[in-house]
Amino acid sequence: MNNLALFHRIAKNPDEYGRELKKSGRKIVGYFCSYTPEEIILAAGAVPFRIFGKGDVSLADAHLQAYSCSLIRGALEDALSGGLDFLDGAVFPHTCDSIQRLSDIWRINANTGFHIDVVLPVKLDTKSSKEYMADVIKKFIRDIEKSLGIEISADDLRASAGKYNQIRAYLKKIYEIRSKNPAVIRSSDVHAIIKASMFMDRDLLLKELASFTEDLQIEGEKMKQGGKRVVLAGGVCNLPDIYTLIEDSGGAVVWDDFCTGSRYIEGEIDLSADILESTAGRYSERIVCPAKHSGLFPRGEHLVKIAKENNAKGVIFLFLKFCDPHSFDYPYMKEMLDKEGIPSMLFEVEDQLPSEGQFKTRCEAFLEMI
Amino acid sequence: MTTEGQAPDPEKEKRKIKSVKKMKEIMTNYYIEAKSAEQTGKKVAWITSGGPVEPLIVMDIIPVYPENHGAMIGASKMGVDLCEKSEQMGYSRDLCSYARSDIACAPVNGGPIGGLPRPDMLVCCNNICGTVLKWYEVQARYFNVPLFILDTPFCHTEFSDEARKYVRKQVDEYIEFLEMVCGKKCDFDRMAEVGKLSVRGQRLWQEVLDTAAHKPAPMSAFDAFFHLALIVTLRGTQTVIDYYTGLLEEMRERITSGISAVPDEKYRLLWDNLPVWYKTKWLSEKFAAHDACLVADTYTSAWCGSLKYIDENDFLGTMAEGYSRIYLNIGVDEMAETVIEMVDKYDADGVVMHSNRSCKPYSLGQYDIQRIVQEKREIPTLMIEADMVDERSFSESQIETRIDAFMEVLKAR
């Protein structure tokens, strides 16, 4: 599986890949968060490039307090230090308070081309919010058309949405194969694939995913099962080492509720309906992130459902420190898991594991218990 | 307050604002009425501080403010205990201390007033933060009551036509929600009246704050933190008009008689962010000892800052914009412009910024605001790291040193 090396190379050093793409004449549009309607960026002929940032923050300290999460600090650092100088523009969807303010600070200080705010609705479960979602998507199309000096037709958007449906279907297939037999593929590999898929030229990605998934199915039949089945839950999980540590501690990751995971790959766009409406529909109806509102219990219910469906013995919550929306949901979600007899543990991380030993010890103790 | 056996200091007595007594009476009566709602059969709505209270007044619903409750918890120094309780419930210490202390209060009827009256409904407007959304979800699950969310899209650089349409639609949905919960129709004539009263109240509050433009200032931001409670809780009622009319008169009299908030006001400062509720007295005295008066702040003026978008003759039609464009729901650069306007209006010599761990929408971006203000007005600024309710995040000696150093810079100019 040669493509695995490619996924790892891109996931490990996305900025380098971004620069290569830029040299080949591509337009590259940076974006935050899985709520960015990427389909539109792709339909505009540009490569959507998710911004994760990097560690060793120094320049960003002049703009963001120490009680900001490592994602926004690292991202701003990347922008201010010139790491993202290949971008033609950056897109900020409205999600949490931190990303909201990061957008302002970025617009004032960073030099990454055009700046578009996609001010999405926060509640998603009413008729007027769904209408507003569609209005915002239309506005985003106008904004990006203007910024890139192009026009996006309904057919462009349909073609782009079709590609995303295929990409998401392949990624989901990989998730399903792993859940069936976690020994088939390492979770750090799955993470690298998902992460790389957020930077790659999407046509190349589709080609690689197609052959990779086929190989995976063939190889999968030869290997044995192993490890205690766990589901991971939280926001961004950008630490490949976490997966390795969980597996080394005797765990097998079978599913997740991450925005760098299942929340990114769920939700198909209906290509036969009005393409604008159905694109908007995906963002109103996909699995909700805690910064959005869609009723009082859906996140807890969803977590219980994926834990049960995937036969998980436990759930590991991995939160970025200072992530308010996830921390607010934790007590009720844990309680719902408790009621179902599903044990869980919480671990807060920053851009680096505070102490690998600490996480490993806790992880081993948890896995022994379940 | 005086210690036993000592005669009150006439100098201090002179400076005390007489309206305070009246204000305490109004707030006490308000809480008594709210706490006895179960007996009187009135409905209670919990609402966010930036939320549209006017329709509640029209529907005879008693509005109750968990954020005001948070401030009371902070001021009565009960924050640490309640915050720790919430941490035992599983809430991270990094979360907003208003939310944490209120969430911990609910199951035990704790805090300075034995808990808030049980809500019949929750009204959450996210124009101040995303935290209130999560906080109100927690309380909606706990109390099992209907939750209405007024979603006010963030105005980074504009209030878009799309957003205007969406918020305006939600105003209608809000009224329908209240009609459903109360089982009665909204009286739109009364709505028009309440809207006018709200606008008048906001104008009066602005006039009260404006008196501090006088040198020396008859009131300080610390006074404003206290007198703010009415424009937050009872906006849209005659009570607010009567009270602020009296307060405004008192401020004008103080100007005429030369009574200032700080005895020898030499330095005029602007405060940014929420108060440090458990340290207001200490901070007030600390600055006064340097002959510095905090003459204005971005916080208390937020309840009248978007008046320009509201047409009092079409309150319901224009409140969507008014509520969407408040100070915390706009971009950092526009906030910096507002701060600069205030520096000019109140002729401030410096800006004191509270970097508040509890409030990301208010605090993230402050470093840029600080830089912009310094560049455009060339005045010194001070950043204080603290928290509005959780005293564990307040280092008195460190902050004292920083205030002293900042005042030295000001004095040397």
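Every chain is numbered on its own, with residues counted from 1 as its sequence reads. Chains and ligands are labelled by the order in which they are written, letters from A for the one and numbers from 1 for the other. With the structure being a predicted model, the display of local features is reserved for residues of pLDDT at least 70 and the display and counting of side-chain atom pairs for 80 or more, all residues being used for whole-chain, interface and lining totals. Heavy atoms throughout the structure, all of them, feed into the side-chain values; hydrogens and water do not.

**Q** Could you give me a rundown of the overall build of chain A, with the residues and numbers involved?
**A** The number of helices and strands found in chain A is 15 helices and eight strands. To get the radius of gyration, use the C-alpha atoms; to get the globule rule, take the number of residues to the power 0.38 and multiply by 2.2 Å. Here the C-alpha atoms of chain A give a radius of gyration of 20 Å, agreeing with the 21 Å that 2.2 N^0.38 yields for 370 residues. Taken along the three principal axes of its C-alpha coordinates, chain A extends 55 × 45 × 45 Å. Per-residue accessibility, obtained with a 1.4 Å probe over protein chains only, is compared with the maximum for each type, and a residue is labelled buried under 20%, exposed over 50%, and partly exposed between these values. The buried share among the 370 residues of chain A stands at 63%. Considering only contacts in chain A between residues 6 or more positions apart, those separated by 24 or more positions represent 74%. With an accessible surface of roughly 13400 Å², chain A has 49% of that area assigned to carbon and sulfur atoms. Under the counting rule used here, the positive set is Lys and Arg, the negative set is Asp and Glu, and His together with the chain ends is not counted. Throughout, a charge is located at the NZ atom of Lys, the CZ atom of Arg, the CG atom of Asp or the CD atom of Glu. In chain A, which carries 47 positive and 55 negative side-chain charges, the distance between the mean positions of the two groups comes to 1 Å. What counts as a helix is a DSSP run of H or I of at least four residues, what counts as a strand is a run of E of at least two, and both are numbered from the N terminus. In this analysis, two residues are considered to be in contact whenever any of their non-hydrogen atoms come within 4.5 Å of each other. All accessible areas in this document rest on Shrake-Rupley with a 1.4 Å probe, and a residue is counted as covered only by the protein chains that are shown.

**Q** Before we move on, could you go through the overall build of chain B and cite the residues and values that matter?
**A** When helices and strands are counted, chain B shows 18 helices and eight strands. Here chain B has a C-alpha radius of gyration of 21 Å; the compact-globule value for 413 residues is 22 Å, and the two agree. Across its three principal axes, chain B shows a C-alpha extent of roughly 65 × 45 × 40 Å. A buried classification covers 62% of the 413 residues belonging to chain B. Across chain B, every contact between residues at least 6 apart in sequence was considered, and the portion connecting residues at least 24 apart equals 79%. Total accessible area on chain B is roughly 15700 Å²; 50% of this is exposed by carbon and sulfur atoms. Here chain B contributes 49 positive and 63 negative side-chain charges, whose respective centroids are spaced 2 Å apart.

**Q** An account of the pattern of salt bridges is needed here, citing residue identities and associated values.
**A** Salt bridges are counted wherever a side-chain nitrogen of Lys or Arg sits within 4 Å of a carboxyl oxygen of Asp or Glu. Evaluated as defined, the whole model comprises 67 salt bridges over all chains. Of the charged contacts in the structure, one is a salt bridge between K22(A) and D88(A), with a shortest N-O distance of 2.8 Å. Residue K22(A) is located in helix α2 (residues 14–23), and its partner D88(A) is located in the loop between α4 (70–80) and β3 (89–93); the two are separated by 66 residues in the primary sequence. Its relative accessible area of 31% is what places K22(A) among the partly exposed residues. What makes D88(A) buried here is its relative accessible area of 16%. Salt bridges here are not isolated pairs; linked through shared partners, they connect D257(A), R263(A), R299(A), D329(A), K134(B) and E137(B).

**Q** Give a detailed account of the packing of aromatic side chains, specifying residues and quantitative values.
**A** Residues and elements named next belong to chain A. In this scheme Phe, Tyr and Trp rings, the latter by its six-membered ring, pair at centre separations within 6.5 Å, and the angle between planes marks the pair as stacked below 30 degrees, edge-to-face above 60, and tilted otherwise. Under the definition given, this model contains 31 aromatic pairs over all chains. Centroid distance F32 to W106: 5.5 Å. Interplanar angle 85°. Geometry classified as edge-to-face. With F32 in the loop between β1 (28–31) and α3 (38–43) and W106 in helix α5 (residues 97–109), this residue pair connects regions lying 74 residues apart in the sequence. Like W106, F32 is buried.

**Q** Please provide a residue-by-residue account of unusual backbone geometry, values included.
**A** The amide bond that connects K215(B) to the next residue, P216(B), takes the cis arrangement and shows omega of -5°. Summarising the element assignment, P216(B) is placed in the loop between α10 (188–210) and α11 (221–233). Here the phi dihedral of C33(A) falls at roughly 75°; this positive angle occurs in a residue that is not glycine. We classify C33(A) as buried; its relative accessible area is 13%. Its identity as a non-glycine residue notwithstanding, F322(A) has a phi of 75°, on the positive side. The residue F322(A) is located in the loop between β7 (314–320) and α14 (324–339) in this model. Overall, the relative accessible area of 9% leaves F322(A) in the buried class.

**Q** Go over the interface of chain A and chain B with me, naming the residues and quoting the values.
**A** In this assembly, 48 residues from chain A lie in contact with 55 residues from chain B. Both faces considered, chain A and chain B share a buried interface measuring about 4400 Å² in area, 57% of it formed by carbon and sulfur atoms. For chain A, the biggest contributors to the area lost against chain B are Y67(A), R101(A) and F328(A); these three give 20% of the whole. Counting the contacts that link chain A with chain B gives seven salt bridges. The closest approach of N and O atoms between E162(B) and R142(A), which form a salt bridge, is 2.7 Å. Pairs of N or O atoms are called polar contacts if they sit within 3.5 Å, as long as, within protein, a hydrogen donor faces a hydrogen acceptor (for residues adjacent in sequence, only side-chain-to-side-chain pairs). Across the contact surface, chain A and chain B share 31 residue pairs in polar contact (both at pLDDT 80 or more). At the level of secondary structure, the elements contributing two or more residues to the side of chain A that touches chain B comprise α5, α6 (127–148) and α14 of chain A. Polar here means any residue outside two lists: the nonpolar Ala, Val, Leu, Ile, Met, Phe, Trp, Tyr, Cys and Pro, and the charged Asp, Glu, Lys and Arg; Gly therefore counts as polar. Looking at the side of chain A that touches chain B residue by residue, the class counts come to 20 nonpolar, 13 polar and 15 charged. What counts as buried area is the accessible surface, traced by a 1.4 Å probe, that two parts surrender upon association, with contributions from both included.

**Q** Give me helix α18 (residues 396–412) of chain B: which residues, what numbers.
**A** All names here are of chain B. Taking 1.5 Å per residue as the helical rise, α18 with its 17 residues ought to reach 24 Å, and the 24 Å between its terminal C-alpha atoms agrees with that figure. For α18, the complete set of buried residues consists of I399, I403, F406, M407 and L410. Around the axis of α18, the buried residues are gathered within 100° of arc, so they sit on the same side. Opposite its buried face, α18 presents the exposed residues S397, Q398, T401 and A412, each directed more than 90 degrees away. On its buried face, α18 sits against β5 (267–272), α13 (280–289), β6 (292–297), β7 (350–356) and β8 (381–386). Multiply 1.5 Å by the residue count of a helix minus one, and that product is the helix's expected span. Our arc is simply the arc of the directions from the helix axis toward the C-beta atoms.

**Q** Give a detailed account of the sheet that holds strand β8 (residues 344–349) of chain A, specifying residues and quantitative values.
**A** All names here are of chain A. Any two strands are treated as partners once DSSP identifies two or more bridges connecting them. Spatially, the four strands line up as an open sheet ordered β6-β5-β7-β8, and their pairing is parallel. Each end of this open sheet is capped by a strand with a single partner; those strands are β6 (251–257) and β8. Recorded for the sheet is a direction-independent mean angle of 30° between the axes of neighbouring strands. Judged from the six bridges that link them, β7 and β8 form a sheet pairing that is parallel. Lines fitted to C-alpha atoms define the axes here, with helix axes fitted over just the stretch in contact, and angles between the N-to-C directions of these axes take values from 0 to 180 degrees.

**Q** Now, about the side chain of T260(A): what can you tell me, with residues and values included?
**A** All names here are of chain A. Mapping T260 onto the fold places it in the loop between β6 and α11 (262–265). Polar side-chain contacts of T260 include one of 3.0 Å to the backbone nitrogen of C237. Residues within four places of T260 in sequence aside, it is in contact with R50, F52, Y175, I194, M198, G235, V236 and C237.

**Q** Lay out the packing of α10(B) against α11(B) with the relevant residues and their values.
**A** Packed helix pairs are characterised by how far apart their axes lie and by the angle those axes make with each other. All names here are of chain B. Look at α10 against α11: their axes get within 11 Å of each other, and the N-to-C directions meet at 170°. In terms of orientation, α10 and α11 fall into the roughly antiparallel class. Contacts between α10 and α11 involve G201, Q202, W205 and L209 from the first element and A224, H227, L228 and I231 from the second. Here the contact of α10 with α11 is composed, by residue class, of five nonpolar, three polar and no charged. Any angle that is under 35 degrees is reported as roughly parallel, and any over 145 degrees as roughly antiparallel; angles of 65 to 115 degrees are reported as roughly perpendicular and all others as oblique.

**Q** Could you give an account of helix α13 (residues 298–309) of chain A, with specific residues and numbers?
**A** Residue and element names in this part refer to chain A. In a regular helix each residue adds 1.5 Å, so 12 residues correspond to 16 Å; α13 covers 16 Å between its end C-alpha atoms and thus fits that length. Residues of α13 that are buried: R299, G300, H302, L303, V304, I306 and A307. Where α13 is buried, its residues meet β5 (228–234), β6, α11, β7 and α14. A positive phi of about 55° marks N311, the residue just after α13.

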